[in-house]
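Each chain is listed here by its residues.
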Amino acid sequence: MTDAPGPAATRHIVPRPGAPDSDSHVYRVLLVEDDAGDALLVEELLADTGLSVVLQWVQTFAETLVVLRRDETPDCVLLDLHLPDASGIGTVSDVHRAGPGAAVIVLTGMTDTGIGAEALAIGAQDYLVKGQVTPELLDRSLRYAVHRKQAERTATQLRENRLRAQENIRLERGLLPAPLLAPGTVTPVTRYLPSREHALLGGDFLDIVQTDDGAVHAVVGDVSGHGPDEAALGVLLRIAWRSLVLGGHRGAELLALMERIMVAERPYAEKFATCVTLSMDPAGAFADITLAGHDAPLLISDGARSLECRAGLALGLLPGAHNWTTSRVGLPEHGALMMFTDGLVEGHRGPGRARLGVAGLVELIDAAPHLAGNALVDHLAATTRGMDDGRHTDDLAVLLLSWTAAGRPPRAAVVGDHGDAVV
């Protein structure tokens, strides 16, 4: 017979010689029992099991709360429901709130089996009737209670992670743009492929809107870096662009306002963003393009070529420099403009070290003259990623705007005010 530990004492109980073999886990058990004789009996029973137990004994519910809130959460609480300062089934709920990670086994008297069953209904893992507990029963009850609690915690975490993931998906989908276009103006095709696994948004952004004068406006951009901060900044810039365009801002003035917003919101001073903005006149005769450290769009019409546009600094590289210039380019009767981020062109073009580049992208388009719209964009995204074979991971955004002569008003309706068109 071992001596009973004093209240709040901690004792490491190892199986007695000849005890049945069990698992090698060391169970941390908090015994809440005001009767010293019952506490000694529990310790004797634990010594006859095959379990290795670190046992701490307290006699009041107040001591129980102190242990649960101060110390490392025990694996299991052996809880007597009749304590000097707490009594009844509500004690189980109080223990759950104080130590939500601990399994609870209720210790009940001979006539309290109904209370024991009620304890199970409100979250206890098991109940034991005093005077009927054997070492084998205590061994099994303790191990199963701890394992069930671990399974409950895992299931709860999975459920919370699933709900959080669903909320994030809904949030990210809500932040992806819906084109604001009148029917029959141009046909847009967009693709957005973030580099982050399981993410819907990356640092790239794109958008397209049509203003009341019939002009079509588009933007594609890329925030430096990868991760949730970049994704948030990309969403911010896209929303800012749409609001400013609908408010009548264009060209260099538009980029200057976007840069002011970005500088105020970016997480650190080294963060910058590239972008290209485009405005197509209502008759489709020309487009005004402004570059901020970004590749120029491709014009696809009887072949593909990169448009000649004046370059400007990326947003945030030199705040306040305002060196952006708008270039006007003439458009054919039918064709498409492709705007894209560098995730489409900076990958490798094969097993060597050579990068695809804009010239390689033009070659891919010219090699697939029968493809257009969704089919062309899907082909380019799949082909470029296949050629790179995972060596260059970057966000990818593509915006393809297609038009036909049938969908355009007469060219005579166009009045230019930016000088000669560049064809």
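Residues numbered from 1 in each chain as written. Predicted model: local features only at pLDDT ≥ 70, side-chain atom pairs only at ≥ 80, totals over all residues. Heavy atoms only, no water.

**Student:** Just checking my understanding: could you explain the sheet that holds strand β13 (residues 286-292) for this structure?
**Tutor:** Sheet strands pair by backbone hydrogen bonding; their relative direction is either parallel or antiparallel. Overall, antiparallel pairing links the five strands, which are arranged β10-β11-β12-β13-β16 in an open sheet. Both edges of this open sheet fall to β10 (204-210) and β16 (326-330), since each of them pairs with a single strand only. Adjacent strand axes in the sheet meet at a mean angle of 15 degrees when their direction is disregarded. Bridge count between β13 and β16: five bridges; the pairing is antiparallel. Considered in β16, the bridge of T290 is made with T326. Strands β10, β11 (216-223) and β12 (273-280) of the sheet are contacted by helix α6 (residues 228-246), whose axis makes an angle of about 20 degrees with β10. Across the sheet, helix α7 (residues 251-265) lies against β12, β13 and β16, angled at about 145 degrees from β12, the strand it touches most. (Pairing = 2+ DSSP bridges. Helix = DSSP H or I, 4+ residues; strand = E, 2+ residues; numbered from the N terminus. Axes fitted to C-alpha atoms, helices over the stretch in contact; angles between N-to-C directions. Contact = heavy atoms within 4.5 Å.)

**Student:** Can you walk me through the pattern of salt bridges in this structure?
**Tutor:** Pairing between side chains becomes possible if they bear opposite charge and their charged atoms approach one another. Scanning the entire structure with this criterion turns up 14 salt bridges. A salt bridge links K130 to D38; the nearest nitrogen and oxygen atoms lie 3.3 Å apart. Pair noted here: K130 is in the loop between β8 (126-129) and α5 (135-175) and D38 is in helix α1 (residues 36-47), with a separation of 92 residues, a long-range link. By relative accessible area, D38 is classed as partly exposed at 26%. Salt bridges sharing partners connect three or more residues here, namely E33, D38, D80 and K130. (Salt bridge = Lys/Arg side-chain N within 4 Å of Asp/Glu carboxyl O. Buried < 20%, exposed > 50% of the residue type's maximum accessible area, 1.4 Å probe, protein only.)

**Student:** What is the right way to read the UniProt feature "modified residue: 4-aspartylphosphate" (unreviewed entry) in the protein from this model?
**Tutor:** The feature "modified residue: 4-aspartylphosphate" (unreviewed entry), as given by UniProt, occupies D80 in the numbering adopted here. Among the secondary structure elements, D80 is positioned in strand β4 (residues 76-80). (UniProt positions renumbered as here; feature names shortened; annotations may be inferred.)

**Student:** Sorry, what's going on with the packing of aromatic side chains here?
**Tutor:** Pairs of aromatic rings are described using the distance from one ring centre to the other and the angle between the two planes. Scanning all chains against the criterion turns up zero aromatic pairs. If you follow R328 out to its NZ or CZ, it ends over the ring of F286, 3.7 Å from the centre. (Phe/Tyr/Trp six-rings, centres within 6.5 Å; stacked < 30°, edge-to-face > 60°. Lys NZ or Arg CZ within 6 Å of the ring centre and 35° of its normal.)

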